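So the chains spell out like this:
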Amino acid sequence: ISKVFKLLKSIINFSYYYIIILGLLLITSVSADGHMQSEKEVLSALNKYFDARNAEDYDTVVALTSKAGSLDTNSDGSFHKPNNVMTAEDWENSSQGGVTKVHYAEATQISKDVVHVRFYSEGMVFSGEKASDYRTRVTMNWIKENGSWVMRSAHYSPAAYGGVHKTQQADFD
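These numbers come from a predicted model, not from an experiment. (Residues numbered from 1 in each chain as written. Predicted model: local features only at pLDDT ≥ 70, side-chain atom pairs only at ≥ 80, totals over all residues. Heavy atoms only, no water.)

### Comments concerning the environment of threonine 65
Tracing the sequence through the fold places threonine 65 in the loop between α3 (58-63) and β1 (71-73). Taking relative accessible area as the criterion, threonine 65 reaches 11% and is therefore assigned buried. Taking the C-alpha atoms as reference points, threonine 65 and glutamate 145, 80 residues apart in sequence, are found 9.6 Å from one another. Not counting residues up to four positions away in its chain, the partners in contact with threonine 65 are Tyr49, Ser70, Glu145, Val150 and Met151. (Helix = DSSP H or I, 4+ residues; strand = E, 2+ residues; numbered from the N terminus. Buried < 20%, exposed > 50% of the residue type's maximum accessible area, 1.4 Å probe, protein only. Contact = heavy atoms within 4.5 Å.)

The structure is reproduced here in structure tokens:
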């Protein structure tokens, strides 16, 4: 009987550790694949933000931006912009117009209340009557503010072919 109890105890201990290890692996794979609820919420907010910009719905753009403003770097080659708190009227006065679309958006939660997003943006922008192709790489940090995800910083960099980095095989590995 003593041997049977030892065998049962070994089986139970093995099963217990197996279940814990399996559970940890599942949790790790879910969070590593970008399937966290916060990441989904931010990607949804990102789409609303760009839909609002394209529709010139600047009240929504402002609502999806941090009340503390945004820290931006534009793709025009200028240096970092100072913290900027824009109103809907500011957006209307500064907008070039046009339509850009978000492509290949990825979100990664980096802390409880911060999600980092990166994507490509392509479309057409206008300067007066002149339309231009537009392609840029974008990274943004979205923060949880008063229970909602809002954009706090954005970095736009030109995505023209060529540039400083020369593509090499390691880029595809």
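### Observations concerning the sheet that holds strand β2 (residues 98-111)
Read across the open sheet, the five strands follow the order β1-β5-β4-β3-β2; overall the sheet is mixed. Two strands in the sheet have a free side with no partner beyond their single neighbour: β1 and β2. In this sheet, adjacent strand axes meet at a mean angle of 25° when their direction is disregarded. As judged from the three bridges shared by β1 and strand β5 (residues 148-158), these two strands associate in the parallel manner. Paired with aspartate 72 across the strands is alanine 154, a residue of β5. Running at roughly 160° to β2, helix α2 (residues 37-54) makes contact with β2, β3 (114-127), β4 (130-145) and β5 of the sheet. (Pairing = 2+ DSSP bridges. Axes fitted to C-alpha atoms, helices over the stretch in contact; angles between N-to-C directions.)

### Quick notes on the packing of aromatic side chains
How two aromatic rings sit relative to each other is set out by the distance from centre to centre and by the angle between their planes. Evaluation of the coordinates by the stated rule reveals five aromatic pairs. Taken together, Tyr49, Phe50, Phe119 and Trp142 form an aromatic cluster joined through their ring pairs. (Phe/Tyr/Trp six-rings, centres within 6.5 Å; stacked < 30°, edge-to-face > 60°.)

### Some words on a negative patch on the surface
On the surface, Glu56, Glu89, Asp90 and Glu92 cluster together into a negatively charged patch. Tracing the chain through its elements places glutamate 56 in the loop between α2 and α3. (Patch = residues over 30% accessible without salt bridge, like charges linked within 9 Å, V, L, I, M, F, W, Y side chains within 5 Å. Areas by Shrake-Rupley, 256 points an atom, 1.4 Å probe, with all protein chains shown as cover. Salt bridge = Lys/Arg side-chain N within 4 Å of Asp/Glu carboxyl O. Lys, Arg positive; Asp, Glu negative; His and termini not counted. Charge placed at Lys NZ, Arg CZ, Asp CG, Glu CD.)

### Focus on the pattern of salt bridges
Summed over all chains, the structure comprises three salt bridges. Of the charged contacts in the structure, one is a salt bridge between glutamate 41 and lysine 144, with a shortest N-O distance of 3.9 Å. Separated by 103 residues along the polypeptide, glutamate 41 in helix α2 and lysine 144 in strand β4 bring together distant segments of the chain. Salt-bridge contacts for glutamate 122 lead to arginine 135; the nearest nitrogen and oxygen are separated by 2.8 Å. Residue glutamate 122 is found in strand β3, and its partner arginine 135 is found in strand β4; the two are separated by 13 residues along the sequence. Here glutamate 122 falls in the partly exposed class, since its relative accessible area comes to 30%.

### Details of the nonpolar core
By size, the foremost hydrophobic cluster in this structure holds 21 residues, and its most contacted members are Leu46, Tyr49, Phe50, Val117, Phe119, Met140 and Trp142. Mapped by element, the contributors of at least two residues to this core are α2, α3, β3, β4 and β5. Looking at this core, the element that brings in the most residues is α2, giving six residues. Setting aside chain neighbours within four positions, we find valine 117 in contact with Val42, Leu43, Leu46, Glu106, Ala107, Val138, Thr139, Met140 and Trp142. (Core = buried A, V, L, I, M, F, W, Y, C linked by side-chain atoms within 4.5 Å.)

### Comments concerning the pairing of β3
Sheet analysis places β2 next to β3, joined by eleven bridges and oriented antiparallel. Residue serine 111 lies in a different strand from β3, and its bridge partner there is valine 114. Count of turn residues in the β2/β3 antiparallel hairpin: two residues. Relative to β4, β3 runs antiparallel, the two being bridged by 14 bridges. Looking across to β4, one finds that serine 127 is bridged to lysine 130. A loop of two residues connects β3 with β4, the two strands running antiparallel in sequence, and glycine 128 in this loop sits at a positive phi of about 65°.

None of this, on its own, says anything about what the molecule does.
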